[in-house]
Amino acid sequence: MKESGNEHPSYVPPELVNCSSKAYNVTYQYYCYLMELKQDYKYEVCVRDIVLAIRSKLDPQIIDALSGTSFVVERGKLSLNLTPANTIQLSPEEVEQCRRFQTTLFRILLNRDENELPSASDNFSFGDNPEFDYLLLPAVEDQTPSNSIIDWKSVYSFPFSSESSCDCNCKDHACDVRIKNGSVCSCKLENCVVYTPHSKSLYTMTPIIWDLNGNSTLRYGTATYKEHFKNKHGIELRFPEQSLLRGRKVFEIGNYLLKDRKNKNKGEKMSSEELPPELCSVIMSPISIGTIYSFSFIPSIMHWLEGLLVAFNLKKMLLDHCTKNDIPIIKVFEAITAKGCQEAYNYENLETLGDSFLKYAVSQQLFKTHQNDREGTLSKLKEKLVSNVALRKFASDKNLPGFIRMEAFDPKKWIIPGDKSKSLLLEERLVSSGRTSMYVGRKRKIELKKVADVVEALIGAIISTGDEESALSFINWIGIEVDTNIMPYERHLSIDPENLVKVKDLESVLNYKFEDPYLLVEALTHGSYKRPEIRTCYERLEFLGDAVLDNLITMHLYGEYVNENFSPGFLTTMRSISVNNECYALSAIKAKLNEHILCDPVVAKNIEKTMKVAENLSLDSTFGWQLETYFSPVLADVIESIAGAIFVDSGYKKEIVFKSIRPLLEPLVTPETAKRHPISELQELCQKNQYKLTEHEQPPVRENDENLFIIEVKANRITRTAKASNKDTARKMASKELLKELQICKNVG
């Protein structure tokens, strides 16, 4: 099944699927895992452990990745530990009962509607098509080796029968309690789920209130419970002498994977209602309120596990085709998780890392193999290979989009395993040759950019392990030819390089000695420089050096700060502050590279104008957005072209480039010194405060023999205008002033 356009399948991991047809006189083997839940908050209901029974044995990496995970719930944090338990053999009848139990309980929690509950006669056996097949069962409290870890009494709590035998010793209280669907022993009402037709609500029961009955006075008021139900609901209690039940409406299931989920601080107590037994229909019994509470967290946990299994299968595919070294599952999981999931992990940082490496790999390949092409041609070729359109095609050819996690988890859409009414039609298919076979679920539309981002994030996941060889192998596998072969790059000049530039002085500044000094001449030659013996300029080396420096700085920032729990998008922000023309221009000024650039008088004049502006600046740091007027892009270009020259001269060794260029860029940005671009910061402030931000470009004016662009920005009835010799600088200056004024107004207010 080929993917077309922006519509792609969503893959389901085979570990959660069974394709067995109906069979009798057989047993099914399940691997059991104990989900140990621990709450770090006080609440009168305590969580209970849950047993996950699954047809495939989980890889230890999955167990490690899932264990220790914490979820933000309504009252605090809930942590999970996953422990392997015994393997069990279940008969078809036992499997059907387990599926009946979990379908009933999850429908109660998800729908909170008695009409949505299954009937006792519903079929829960396996069908002829692949379907979700795993069991979620309550665990017993006493988990000694000789006992089953599964609480089978709760598993058989549905369908409830008032005629079923009672094995308790009810000597101290009435055994026969009249309920709506019969007469039962009072012990069966201690832990159960009931439905009340008068309120059309489902309740979980807590212990019976022995000191209250229908003739007792309401907690708040003067009427009796009998009078209350008569007056409010028109119901005449037939057995007012019966002790009341205390019920709590069933728990709501939420998305407990949300990164920004807030605690509701509801306190330790839960609200409850007094209910006459005769108005209650028992749905499930016995089942404790702690078990029901614990099951309310399971859909989020299983969605997380499903995502980890998808990542695990993708990792197997990568190991089969393009990498020999191990990649942590959590990195692959991060690489396939879009921002729209709103979870603790998303691919932004890895996408930035992968983007920089992909562009570096492609740039150096094009530089080597297209030695007669100019920078403009090289840039077009690179864009053709790394564009979103191209990356989407490469990804689709390798069936990668199906692995993407792109939406926030919606519990209402969660497929209950064993629930025939909402079963997901699964189709088995081979995703790729090797060990990876996935099931195809629903189709969904994925934005072009998301697919491209995930390709880059997967490159970033591989690069995060320090394995550039495997990253290059992945790039080749998807369809982009790159290699690390060194090809000769010669430039023959009929003039001594020392007659053009001060090679030794520059080598001292760069702390690097050139094997081929003609590369240094090329790196400093602007296209405007005309001499018969020089037929080249720095543009090709600038094209290469731009990609090399971008990758080096991005790798440095990732290596320095990735383990400090910075938010997704952090790396993108830090890179934008460090890798930009303004930063490079200031670095060139600081190193006095302007004195060595070969160019015509017009370009030289523009460089000199930039030097005058820089006289009033502190060059203690070169990152950020300090320049408020025009600066010559040539100054930024030569930093990149020199980096490219060193890269080629050293035999394509990035570490030598970084060792040479880094001192020119020092001090590098840190999280403490980082300042966002004024335009981005202004847009965020306006969005947060719902200010309407407008921008207007006024007609240029001519001052001091040059054209100046005028940009006006306005928000919250405040207007600021700036003029500069290019639009970007004018926009930045106006935004910076408006941002400052808005912040002052906000602080005063």
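Residues numbered from 1 in each chain as written. Predicted model: local features only at pLDDT ≥ 70, side-chain atom pairs only at ≥ 80, totals over all residues. Heavy atoms only, no water.

Visitor: So what about the overall build of the protein chain? Which residues, and what values?
Guide: Helix and strand counts for the protein chain stand at 22 helices and 20 strands. Dimensions along the principal axes, computed over C-alpha positions, put the protein chain at roughly 110 × 65 × 40 Å. Evaluated residue by residue, the protein chain yields a buried proportion of 55% over its 749 residues. When contacts within the protein chain are restricted to residue pairs at least 6 apart in sequence, long-range pairs at least 24 apart make up 73% of them. Put simply, the protein chain has 93 plus and 102 minus side-chain charges, and the middle of one group is 4 Å from the middle of the other. (Helix = DSSP H or I, 4+ residues; strand = E, 2+ residues; numbered from the N terminus. Buried < 20%, exposed > 50% of the residue type's maximum accessible area, 1.4 Å probe, protein only. Contact = heavy atoms within 4.5 Å. Lys, Arg positive; Asp, Glu negative; His and termini not counted. Charge placed at Lys NZ, Arg CZ, Asp CG, Glu CD.)

Visitor: Please set out the domain arrangement of the protein chain residue by residue, giving values where relevant.
Guide: Each assigned domain of the protein chain is listed here: domain 1 (164-286), domain 2 (318-478), domain 3 (497-675) and domain 4 (679-747). The centre of domain 3, based on its C-alpha atoms, is set 29 Å off from the matching centre of domain 4. (Domains from an automatic or database assignment.)

Visitor: So what about the confidence of the model for the protein chain? Which residues, and what values?
Guide: Caution applies to low-pLDDT parts of the model: their predicted coordinates are not meant to be read in detail. Residues of the protein chain with pLDDT of at least 70 account for 91%, and the chain-wide mean is 87. When pLDDT is averaged over each helix and strand of the protein chain, the minimum, 68, is found for strand 16 (residues 427-430) and the maximum, 97, for strand 8 (residues 134-138). (pLDDT = per-residue confidence, 0-100.)

Visitor: Tell me about the sheet that holds strand 8, and name the residues and values.
Guide: Each strand in a sheet pairs with its neighbour through backbone hydrogen bonds, running either in the same direction (parallel) or in the opposite one (antiparallel). Strand order across the open sheet formed by 5 strands is 5-6-3-4-8, with antiparallel pairing between neighbours. Both edges of this open sheet fall to strand 5 (70-73) and strand 8, since each of them pairs with a single strand only. On average, each strand axis in the sheet is tilted by 30 degrees relative to the strand beside it, whichever way the strands run. Contacting strand 3 (28-39), strand 4 (50-54), strand 5, strand 6 (76-90) and strand 8, helix 6 (residues 298-321) crosses the sheet at an angle of about 120 degrees to strand 3. (Pairing = 2+ DSSP bridges. Axes fitted to C-alpha atoms, helices over the stretch in contact; angles between N-to-C directions.)

Visitor: Let's hear about helix 21 (residues 678-689): which residues, and what values?
Guide: Look at helix 21: 16 Å from first C-alpha to last across 12 residues, which is about the 16 Å you get at 1.5 Å a residue. Taken as a whole, helix 21 has its buried residues at Pro678, Ile679, Leu682, Leu685 and Cys686. Axial view of helix 21: buried residues confined to an arc of 130 degrees, hence all on one face. Those residues of helix 21 that are exposed and angled more than 90 degrees off the buried face are Gln687 and Lys688. Phi turns positive one or two residues past the end of helix 21, at Gln690, with a value near 60 degrees. (Expected span 1.5 Å × (residues − 1). Arc of directions from axis to C-beta.)

Visitor: Go over unusual backbone geometry with me, naming the residues and quoting the values.
Guide: In the segment running from Phe158 into Pro159, the intervening peptide bond is cis, with an omega of 0 degrees. In this structure, Pro159 sits in the loop between helix 3 (152-155) and strand 9 (177-179). A cis geometry characterises the amide bond from Glu666 onward to Pro667, with omega recorded as -5 degrees. Within the secondary structure layout, Pro667 lies in the loop between helix 20 (654-665) and helix 21. We note that Asn511 has phi near 55 degrees; this positive angle belongs to a residue other than glycine. Relative to the helices and strands, Asn511 resides in the loop between helix 13 (503-510) and helix 14 (518-523).

Visitor: Account for the pairing of strand 5, with residues named and values stated.
Guide: Judged from the 4 bridges that link them, strand 5 and strand 6 form a sheet pairing that is antiparallel. Note on strand 6: the bridge partner recorded for Val73 is Gly76. Hairpin connection, strand 5 to strand 6: the antiparallel pair is bridged by 2 residues.

Visitor: So what about the pattern of salt bridges? Which residues, and what values?
Guide: Within the structure shown, the criterion is met by 28 salt bridges. Close ionic contact of Asp133 with Arg55 constitutes a salt bridge, the shortest N to O distance being 2.8 Å. Pair noted here: Asp133 is in the loop between strand 7 (131-132) and strand 8 and Arg55 is in the loop between strand 4 and helix 1 (60-66), with a separation of 78 residues, a long-range link. On the basis of relative accessibility, which here comes to 22%, the residue Arg55 falls in the partly exposed class. As a salt-bridge pair, Lys450 and Glu447 come within 3.5 Å of each other at their nearest N and O atoms. For Lys450, a relative accessible area of 16% puts it in the buried group. (Salt bridge = Lys/Arg side-chain N within 4 Å of Asp/Glu carboxyl O.)

Visitor: A description of the packing of helix 8 (residues 348-369) against helix 9 (residues 375-386) should follow, citing residues and the corresponding values.
Guide: Orientation of helix 8 relative to helix 9, taken along the N-to-C sense of each, is 135 degrees, at an axis distance of 10 Å. With respect to each other, helix 8 and helix 9 are oriented oblique. With respect to the hand of their crossing, helix 8 and helix 9 are arranged in right-handed fashion. Note on element contacts: helix 9 touches helix 8 through Leu378, Leu381, Lys382, Leu385 and Val386, opposite Leu358, Lys359, Val362, Ser363 and Leu366. Residues that form the contact of helix 8 with helix 9 fall into these classes: 7 nonpolar, 1 polar and 2 charged. (Parallel < 35°, antiparallel > 145°, perpendicular 65-115°, else oblique. Left-handed = near helix turned anticlockwise from the far one by under 90°. Nonpolar A, V, L, I, M, F, W, Y, C, P; charged D, E, K, R; others polar.)

Visitor: Any chance you could break down the sheet that holds strand 13 (residues 243-249) for me, citing the residues and the numbers?
Guide: Reading across the sheet, the 5 strands line up as 14-13-12-11-15 and stay open at both edges, with antiparallel pairing between neighbours. Both edges of this open sheet fall to strand 14 (273-275) and strand 15 (281-284), since each of them pairs with a single strand only. Strand-to-strand, the axes of this sheet are offset by a mean angle of 50 degrees, without reference to chain direction. Of the pairings in the sheet, the one linking strand 11 (residues 193-196) to strand 15 comprises 3 bridges and is antiparallel in character. When the bridges of strand 15 are listed, Val193 appears paired with Met284. Strands in contact with helix 2 (residues 92-111) are strand 11, strand 12 (201-213) and strand 15; relative to strand 15, the strand with the most contacts, it is inclined by about 120 degrees.

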